[in-house]
Amino acid sequence: MPRLHFAIAAEASASGARAATFETRHGQVLTPVFMPVGTQATVKCQTVDTLRDSGSTVLLANTYHLMLRPGAGVFQQFGGIHRFMNWDQPVLTDSGGYQIFSLPHARTMDEKGALFQSYIDGRWFLLSPETSIGMQKAIGSDIMMALDQCIPSTADRSLAEAAMELTHRWAVRSLVARGDSPQALFGIVQGAAFADLRARSAAAITSLPFDGFAVGGLAVGETKEQREDLTAAATALLPRDRPRYLMGVGTPVDILEAVHRGVDMFDCIIPTSLAQRGTAYTSQGRLHMRRGFYRLQDQPLDPACGCPTCRSYTRAYVHHLIKAEETLGWHLLGQHNLYFYHRMMREIRDSVLAGSFLAYYGEKREAWARVDGDDAEARHPKSRQTRRMLLGDYEVLTAPQGYSSIRQCSSGEVMHAVSNPVEEARLLYIEQSRLDARMRAGGAETLVVWDVGLGAATNAMAAVRCMEQALAAHGSGPLRPLHIVSFERDLDPLRLAIRHAARFPHLHHAAPSAMLRHAHWEHASGLLRWTLLEGDFMERMALAPRPDLIFYDPFSFKTDGPLWLPETFARIFRVLSGGQTAFYTYSTSTAVRAALLWAGFHVARGVPIGPKTETTVACTQPASLQVAGCPAAPSLLDRQWLERWERSGAKFPAGLSPDEQDAFASRIRAHPQFSLSRAVEPQQSRSTKHWLLAFVAT
Ligand SMILES: [Zn+2]
């Protein structure tokens, strides 16, 4: 008896993407569809009304949790989950297998099923194909899932094969247990990362009369590329005329990639779990609303968003709620994030119907890669089992090569991600800026270094050591005084690194602890001072003396977006007000370089670091990069770079209108740096002068 009447409305050409509909007992579903996760018969901090306002049409509920509490009897009493939670649209229930198999110590397993003890009251339960279906019938979901044995996709072959065979036997038992219930039932293809096992599993499962098929066992340990390949291989083996569901996936870009590979249905905790950590998905990147940067911002989370949160509340208010740990903050951010996901799914569907999916895919892929990041932590919140060295939002990571770094848990971002932090600090900031030669050049005027993003004090301590070595080698006589000014809004990374100082040799020094206690440290020679300005860099920079050098090392665009925007660089340029300053950063992004040029800086290619073939150097005037007695300064980006920029997909900052894009492009093209490298015609010098005047006026 066909239950879902799945019908394909359109298929994209040269892509697996498709738009379809299916019917459930609680209404029609348009695919591709994203299903918010309602673990305990509620989506975290949302009501059914706010879910509908966000665009939710199908919810996922967890059989395991509902089996333990409130239990099958309550659902039977209320006639199912729809009336119980006041949701009249479709519900999909998982089988409970995923949760059981992630509890390695609390169960015993055999052919019959998994015996486990409730974490709530210690009672014993058997989860078998029959009891799982029994519970899902009591819940009364529209779509049930067959019980499968989940194993990590990185499992070895014999384990993967045994789990797959068991899953096939359980699939048959699940169908028998379903009987003539009108509820739909999906089968799950397993086989870990082995292509031949996946093929065997697909053949076995699709030979059974399921109403749809899920690709199981992905998103539990493999890389993004493997996951995409496995998804493509798996969907190719599934029948065209049934819905395809990729369980537990994922970030916006994961979903886009999977739609491209033929998947119709998704669920994931990310939109609501990130909301609880204060993170908002926006058209311009992820915002971390805990940041003081948003304290006074009188604008919505995302000006391009029409969700109830963005229509009614400011960033300042959401920031306040998140800082105060008010549940309304989680509600508002959750609603916004769900809206972001559902809008994306509608856009995907519309583009498939309009025959323009591939264009949409190409355009959004790049933008969303920036929005997403690879947030492994959000994807597997409970999968980390090693004992972690943690403080606040940070943890210590140790590379196989032996050096340690600090990682921000909420963003997944690692400070100095690509190489040994101490080595990177020395090459990128100390040697490249010729700090040693600049100090040895002598003179009474203090050399000021801005250390933007103190982090674990790696860059600042590299500067301290450089000065101390110069003092040891030359005495105080000919040296120019050095003042390091560090900017940092969160001192937890430094506290954490000091707590585990055995792993951070650069901190074996009196200065870092003094910084935490007094925000200031001075060398006995009187020639070296180090000051900490705690708070937002944008607010604090006006308090600092004008710098000769800037070591610009905040988190990347996806985490600290505002620090990489053209307006930010323009504000820095204004504060430098005509002095000679050299600016060093690890980023090589075309967008960052364009933003620096737009702001008025000259921009050059910096030294390679680890696997990066170059970094970026900027300056207020080319002379700022020249140091007496040192080899030639780095070469400025030339007209070839300009031509590449003209063709780039990331040519403009997000959110510019066509007029603003024109103005932005004119300003880059007219930058004196590019007119220097060719014969200067009268007209061009006029426009250059005009540009400079216009810039000074802003
Ligand atoms: Zn919004």
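Described below are features of the structure shown in this document. (Residues numbered from 1 in each chain as written. Predicted model: local features only at pLDDT ≥ 70, side-chain atom pairs only at ≥ 80, totals over all residues. Heavy atoms only, no water.)

Quick word on the nonpolar core
Part 1 of the reasoning: Residues Leu-435, Trp-450, Trp-530, Phe-537, Tyr-552, Phe-569 and Phe-601 are the most contacted members of the largest nonpolar core, which totals 106 residues.
Part 2 of the reasoning: The element best represented in this core is helix 19 (residues 458–474), accounting for nine residues.
Part 3 of the reasoning: The residues touching Phe-537, leaving out its near neighbours within four places in the chain, are Trp-450, Val-452, Phe-487, Tyr-552, Leu-563 and Ile-572.
Part 4 of the reasoning: Core analysis: the next-biggest nonpolar cluster, separate from the first, contains 74 residues, Ala-12, Ala-61, Ile-100 and Ile-139 among them. (Core = buried A, V, L, I, M, F, W, Y, C linked by side-chain atoms within 4.5 Å. Buried < 20%, exposed > 50% of the residue type's maximum accessible area, 1.4 Å probe, protein only. Helix = DSSP H or I, 4+ residues; strand = E, 2+ residues; numbered from the N terminus. Contact = heavy atoms within 4.5 Å.)

Details of the coordination of the zinc ion
Part 1 of the reasoning: Taken together, the protein ligands of the zinc ion are Cys-305 (SG), Cys-307 (SG), Cys-310 (SG) and His-336 (ND1), with distances of 2.0 to 2.3 Å.
Part 2 of the reasoning: Around the zinc ion sit four donor atoms; with metal-centred angles ranging over 103 to 114°, the donor geometry is tetrahedral.
Part 3 of the reasoning: Here the donor residues of the zinc ion share one chain and are spaced in sequence as C-x1-C-x2-C-x25-H.
Part 4 of the reasoning: Note on Cys-307: relative accessible area 0%, which makes it buried.
Part 5 of the reasoning: Cys-310 sits in the buried class, given a relative accessible area of 8%. (Donors = N, O, S within 2.8 Å, 3.2 Å for Na, K, Ca; no water. Tetrahedral: all angles 85-135°; square planar, octahedral: opposite > 155°, others 65-115°.)

Quick notes on the sheet that holds strand 9 (residues 124–127)
Part 1 of the reasoning: Strand order in the open sheet made by the three strands is 7-8-9, with antiparallel pairing throughout. Two strands in the sheet have a free side with no partner beyond their single neighbour: strand 7 (107–109) and strand 9. Going across the sheet, the axis of each strand differs from the next one's by a mean of 15°, ignoring polarity.
Part 2 of the reasoning: Of the strand pairs in this sheet, strand 7 and strand 8 (residues 114–117) are connected by three bridges, and their pairing is antiparallel. For Met-109, the partnering residue across the bridge sits in strand 8 and is Ala-114. (Pairing = 2+ DSSP bridges. Axes fitted to C-alpha atoms, helices over the stretch in contact; angles between N-to-C directions.)

Structural notes on the packing of helix 17 (residues 421–431) against helix 19
Part 1 of the reasoning: Two numbers describe how helix 17 lies on helix 19: the axes approach to 9 Å, and their chain directions differ by 65°. Accordingly, the angle class assigned to the pair helix 17 and helix 19 is roughly perpendicular. For the pair helix 17 and helix 19, the crossing hand works out as right-handed. Every residue of helix 19 that contacts helix 17 at Pro-421, Val-422, Ala-425, Tyr-429 and Ile-430 is listed here: Thr-458, Asn-459, Ala-462, Ala-463 and Cys-466.
Part 2 of the reasoning: For the contact of helix 17 with helix 19, the class distribution of residues is eight nonpolar, two polar and no charged. (Parallel < 35°, antiparallel > 145°, perpendicular 65-115°, else oblique. Left-handed = near helix turned anticlockwise from the far one by under 90°. Nonpolar A, V, L, I, M, F, W, Y, C, P; charged D, E, K, R; others polar.)

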